[in-house]
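The chain contents come next:
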Amino acid sequence: MILVSACLLGLNTKYNGETNAHSLIQSYCSSGRFIPVCPEQLGGLSTPREAVEIINGTGQEVLLGRSLVKGESGEGVTSQFLKGANEVLKFPRMFKVTAAILKERSPSCGVHFIYDGSFTHRMIPGQGVTSAMLKVHNIPIYSEEELTEERLKELISEDMAG
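Residues numbered from 1 in each chain as written. Predicted model: local features only at pLDDT ≥ 70, side-chain atom pairs only at ≥ 80, totals over all residues. Heavy atoms only, no water.

Novice: Even after reading the chapter, I still don't get helix H4 (residues 78-94), so can you show me in this structure?
Specialist: Since the α-helix turns once every 3.6 residues, residues separated by three or four places project in the same direction. In a regular helix each residue adds 1.5 Å, so 17 residues correspond to 24 Å; H4 covers 25 Å between its end C-alpha atoms and thus fits that length. Of the positions making up H4, those classed as buried are Thr78, Phe81, Gly84, Ala85, Val88, Leu89 and Phe91. Projected down its long axis, H4 carries its buried residues within an arc of 140 degrees, all on one side. Exposed positions of H4 whose direction lies more than 90 degrees from the buried face are Ser79, Arg93 and Met94. (Helix = DSSP H or I, 4+ residues; strand = E, 2+ residues; numbered from the N terminus. Expected span 1.5 Å × (residues − 1). Buried < 20%, exposed > 50% of the residue type's maximum accessible area, 1.4 Å probe, protein only. Arc of directions from axis to C-beta.)

Spelled out as structure tokens, the structure:
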């Protein structure tokens, strides 16, 4: 099975109640190999919700207790992000998860880049909290932005063979 950010599959789980539907990923939904996940919802946050960013760090620093996740208003949601990451981590324990395809720049799901915590749309290299957690547990993670049809077919094929 392949974990996929629910917003990429067309579910209205994005912080503003909208979607980040990705047509290539959606076109392979019928493969039956995808598990939709929204770490923020699994962590107890509502949809819609305030936009949040990792303050002074990345998902790795949040896991180590060195950085916090906060909304622009200053409300702390670190505990919900950690709970969501831990909930997502339950899927590989229940199913044979071979990879995850996650939403780039998300404070939960960012694979290569996240916003810098200034709420000015500046990006920094780093992963979101859930991506960092999956990486620690050796689950291969991919951004929808680096995904080609060929690579997606390979992931599904590897998953079915595995």
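After that view, the rundown keeps rolling.
Novice: Sorry, what's going on with the sheet that holds strand E2 (residues 34-37) here?
Specialist: Two modes of strand pairing occur in sheets, parallel and antiparallel, and in both the strands are linked by backbone hydrogen bonds. The parallel open sheet is built from four strands, whose spatial order is E2-E1-E5-E8. Since the sheet does not close on itself, it has two edges, and those belong to E2 and strand E8 (141-143), each with one partner. Across this sheet, the average inter-strand angle for adjacent strands is 25 degrees, counted without regard to direction. Strand direction decides the pairing type here: strand E1 (residues 2-5) and strand E5 (residues 99-102), joined by three bridges, are parallel. The residue of E5 that forms the bridge with Ile2 is Ala99. (Pairing = 2+ DSSP bridges. Axes fitted to C-alpha atoms, helices over the stretch in contact; angles between N-to-C directions.)

Novice: Mind showing me how you'd approach the nonpolar core here?
Specialist: Across soluble globular proteins, you tend to see nonpolar side chains buried next to one another. Judged by nonpolar contacts, the single largest core of 26 residues is most densely connected at Leu3, Val69 and Leu134. When residues in this core are grouped by element, the largest group, five residues, is from H4. Residues in contact with Val69, not counting those within four places in the same chain, are Val52, Glu53, Ile54, Val62, Glu75, Gly76, Val77, Thr78, Phe81 and Val129. One finds Cys7, Ile25, Ala99 and Tyr142 within the second-largest nonpolar core, a separate group that totals 16 residues. (Core = buried A, V, L, I, M, F, W, Y, C linked by side-chain atoms within 4.5 Å. Contact = heavy atoms within 4.5 Å.)

Novice: Is there a simple way to think about the packing of H4 against helix H5 (residues 129-136) in this case?
Specialist: The description of two helices packed together rests on the angle between their axes and the distance between the axes. Two elements in contact, H4 and H5, have axes whose closest approach is 9 Å; the angle formed by their N-to-C orientations is 40 degrees. One finds that H4 runs oblique with respect to H5. In this structure, H4 meets H5 at a crossing whose hand is right-handed. In this structure, H4 uses Phe81, Leu82, Gly84, Ala85, Asn86, Val88 and Leu89 to contact H5, whose residues at the interface are Val129, Thr130, Met133 and Leu134. (Parallel < 35°, antiparallel > 145°, perpendicular 65-115°, else oblique. Left-handed = near helix turned anticlockwise from the far one by under 90°.)

Read these as layout, nothing more, since geometry by itself doesn't imply function.
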